[in-house]
Amino acid sequence: MQDSPPAGALVVGIDVGGTKTHLRALAGATVAELVRPSEGWRPHDPVAAARWLAALIADALPAGARPAAVAVGAHACETELQCARIRSALGTHVDAPALVVGDAELLVPAAGLDKGVGLVAGTGSVAVGRLSDGRSVQVGGWGAVLGDEGGAAGLVREAARAVWAAHDRGEEPDALARGLIGAFGVAEVPGLCAALEAASSPSAEWGRHAPVVFAAAAEGSRLAATVIAEAGHSLAALVARLGARGVPVDDVVVAGGTILAQPALYDAFTTALAESFPGTRTHPLSAPPAQGAVALARTLL
């Protein structure tokens, strides 16, 4: 990848996350930097999404500034067709080459790499990569109810299952059971079922209790330790699925508030990954994903 765009070329990179959006614009030096809530982002309505992006760019750039290239990594942009429709609609607002991809695709270029896997384990979990012909492949990301193993919500779901199984075996509540009972405000283990089912937004409402799992493991809960170990294997399985489909997996860039904030999960993931791909290098993401969008914008020049 280029270290810098041609002289005078203004490139705009945008990371539209589930909670906040970060725009970075460069023309050699930084021209604009803007962070704001992602409120109003409607990725399943291409016209509305393009209008939202155009307004963001107009608000961020100095008067009269015109981008030479724009790249967007967008939350909930789940298929190439969906991203292509947003890109096409954006063309009615921005007279410059543009690229729209899922936000997880920003990780590899943000780490300064040309190829590899981007793995996110935050509230949910997903892994993405590209085949040698440039086609994008995404695995995981199926939501808290059906998937997202290794993400915060998935950890809580699997912890509840482990606690229920222990209860059925006649075991006394351990640190994990007591932690979940307290977190969900119920009197006993059976009450967890109704509490989880009552969530109107399982990903957010379950996921915020994930620290309970790690705290229980630190207290010596065998159940919690097993849940974390299995979560690490599930995340490694996402990488394995990409590898089986032909995506290069020599490098895996890791991001997400859950895995980067919890060394126990990161270690469980890297240990499981080494079992399947001993030579794979993992890279905890330190740069903002918007920098990956800037790198992708530069490839359009």
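Please refer to the structure higher up on the page.
Residues numbered from 1 in each chain as written. Predicted model: local features only at pLDDT ≥ 70, side-chain atom pairs only at ≥ 80, totals over all residues. Heavy atoms only, no water.

Trainee: Got a minute to help me understand the sheet that holds strand 6 (residues 117-121) in this structure?
Mentor: Within a beta sheet, neighbouring strands are joined by backbone hydrogen bonds and run either parallel or antiparallel to one another. Read across the sheet, five strands follow the order 8-7-6-9-10 without closing on themselves; strand pairing throughout is mixed. At either end of the open sheet lies a strand with only one pairing partner, and these are strand 8 (136-140) and strand 10 (281-284). If you compare each strand with its neighbour and ignore which way they point, the axes differ by 20° on average. When strand 6 meets strand 9 (residues 251-255), the two strands line up parallel, connected through four bridges. Counted as the bridge partner of Leu119 is Val254 from strand 9. (Pairing = 2+ DSSP bridges. Helix = DSSP H or I, 4+ residues; strand = E, 2+ residues; numbered from the N terminus. Axes fitted to C-alpha atoms, helices over the stretch in contact; angles between N-to-C directions.)

Trainee: Teacher, can you tell me more about the nonpolar core here?
Mentor: Counting residues in each nonpolar core, the largest one holds 55 residues, and the members touching the most others are Leu176, Leu180 and Phe269. Tallying contributions element by element places helix 9 (residues 222-244) first for this core, with ten residues. If near-sequence neighbours (up to four positions away) are discounted, Leu180 is found in contact with Val156, Ala159, Ala160, Val163, Leu192 and Val212. Core analysis: the second largest hydrophobic core is formed by 28 residues, Leu10, Val16, Cys83 and Val94 among them. (Core = buried A, V, L, I, M, F, W, Y, C linked by side-chain atoms within 4.5 Å. Buried < 20%, exposed > 50% of the residue type's maximum accessible area, 1.4 Å probe, protein only. Contact = heavy atoms within 4.5 Å.)

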